[in-house]
Amino acid sequence: MAENNVMFEGILLKPSMVTPGAEAKDRATPEQVAEYTLKLLRRRIPPAVPGIMFLSGGQSEPENVKAAQDALLLRAKANSLAQLGKYTSDGEAAEAKEGMFVKNYSY
């Protein structure tokens, strides 16, 4: 990134956590995942990078595979219809039909 003149102070990094492979026999504890992830970030990310953002997800429970696949398929179909200007909220969960605006919300 330095060779391409990326201004480290102006980026946000969205990395993955350091976890064992899906078929690894030895499972890692959350503490081990945190330890290895932090070790990697400290060794490889320049201190000038102002933010590292981990998004939720990516570590689903095995028994939720079918539900997750169904939700992904529904979302993909909705996105496809939306890009054609044909999206409706039919089939969406009630939460998905609600707006995200919260009056006077503050952090």
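Residues numbered from 1 in each chain as written. Predicted model: local features only at pLDDT ≥ 70, side-chain atom pairs only at ≥ 80, totals over all residues. Heavy atoms only, no water.

- The name given to the protein chain in an unreviewed UniProt entry is Fructose-bisphosphate aldolase, and the organism recorded there is Eragrostis curvula.
- Recorded in UniProt under Catalytic activity (unreviewed entry), the annotation for the protein chain is "beta-D-fructose 1,6-bisphosphate = D-glyceraldehyde 3-phosphate + dihydroxyacetone phosphate". (UniProt positions renumbered as here; feature names shortened; annotations may be inferred.)

## Brief notes about the overall build of the protein chain
Then, in step 1: A count of helical and extended segments in the protein chain gives three helices and two strands.
Then, in step 2: Along the protein chain, helices (α) and strands (β) appear in the sequence β-α-β-α-α when read from the amino end.
Then, in step 3: Within the protein chain, the fraction of its 107 residues that count as buried is 8%.
Then, in step 4: With an accessible surface of roughly 9700 Å², the protein chain has 55% of that area assigned to carbon and sulfur atoms. (Helix = DSSP H or I, 4+ residues; strand = E, 2+ residues; numbered from the N terminus. Buried < 20%, exposed > 50% of the residue type's maximum accessible area, 1.4 Å probe, protein only. Areas by Shrake-Rupley, 256 points an atom, 1.4 Å probe, with all protein chains shown as cover.)

## Structural notes on a nonpolar patch on the surface
Then, in step 1: On the surface, Met 17, Ile 52 and Phe 54 cluster together into a nonpolar patch covering about 240 Å² of accessible area.
Then, in step 2: Its place among the elements puts Ile 52 in strand E2 (residues 51–52).
Then, in step 3: Ile 52 gets classed as partly exposed once you look at its relative accessible area, which sits at 32%. (Patch = residues over 30% accessible without salt bridge, like charges linked within 9 Å, V, L, I, M, F, W, Y side chains within 5 Å. Salt bridge = Lys/Arg side-chain N within 4 Å of Asp/Glu carboxyl O.)

## Overview of the environment of Val 49
Then, in step 1: By secondary structure assignment, the location of Val 49 is in the loop between helix H1 (30–44) and E2.
Then, in step 2: For the pair Val 49 and Glu 9, spaced 40 residues apart in sequence, the C-alpha to C-alpha distance is 5.2 Å.
Then, in step 3: When sequence neighbours within four positions are dropped, the list of residues in contact with Val 49 reads Phe 8 and Ile 11. (Contact = heavy atoms within 4.5 Å.)

## Examining the pattern of salt bridges
When charged atoms on two side chains of opposite charge get close, those side chains can pair.
Then, in step 1: Under the criterion given, the structure shown has one salt bridge.
Then, in step 2: A salt bridge links Lys 66 to Asp 70; the nearest nitrogen and oxygen atoms lie 2.9 Å apart. Of this pair, Lys 66 and Asp 70 are both found in helix H2 (residues 65–83), four residues apart, which corresponds to roughly one turn of the helix.
Then, in step 3: Residue Asp 70 is classed as partly exposed on the basis of its relative accessible area of 37%.

## Thoughts on H1
Then, in step 1: Along its 15 residues, H1 runs 21 Å from first to last C-alpha, staying within 8% of the 21 Å computed at 1.5 Å per residue.
Then, in step 2: Regarding H1, the residues found buried are Val 33, Thr 37 and Leu 41. In a view along the axis of H1, the buried residues occupy a sector of 55°, so they form one face of it. Facing away from the buried surface of H1 by more than 90 degrees, the exposed residues are Glu 31, Arg 42 and Arg 43. (Expected span 1.5 Å × (residues − 1). Arc of directions from axis to C-beta.)

## Quick notes on H2
The α-helix winds at 3.6 residues per turn, so residues separated by three or four positions along the chain end up facing the same way.
Then, in step 1: Over its 19 residues, H2 runs 27 Å from end to end, which matches the ideal 27 Å to within 8%, given 1.5 Å per residue.
Then, in step 2: Directly beyond the C-terminal end of H2, a positive phi value near 75° is found at Gly 85.

## Focus on the environment of Leu 12
Then, in step 1: With respect to the helices and strands, Leu 12 occurs in strand E1 (residues 12–13).
Then, in step 2: With 39 residues separating them along the chain, Leu 12 and Gly 51 place their C-alpha atoms 5.0 Å apart.

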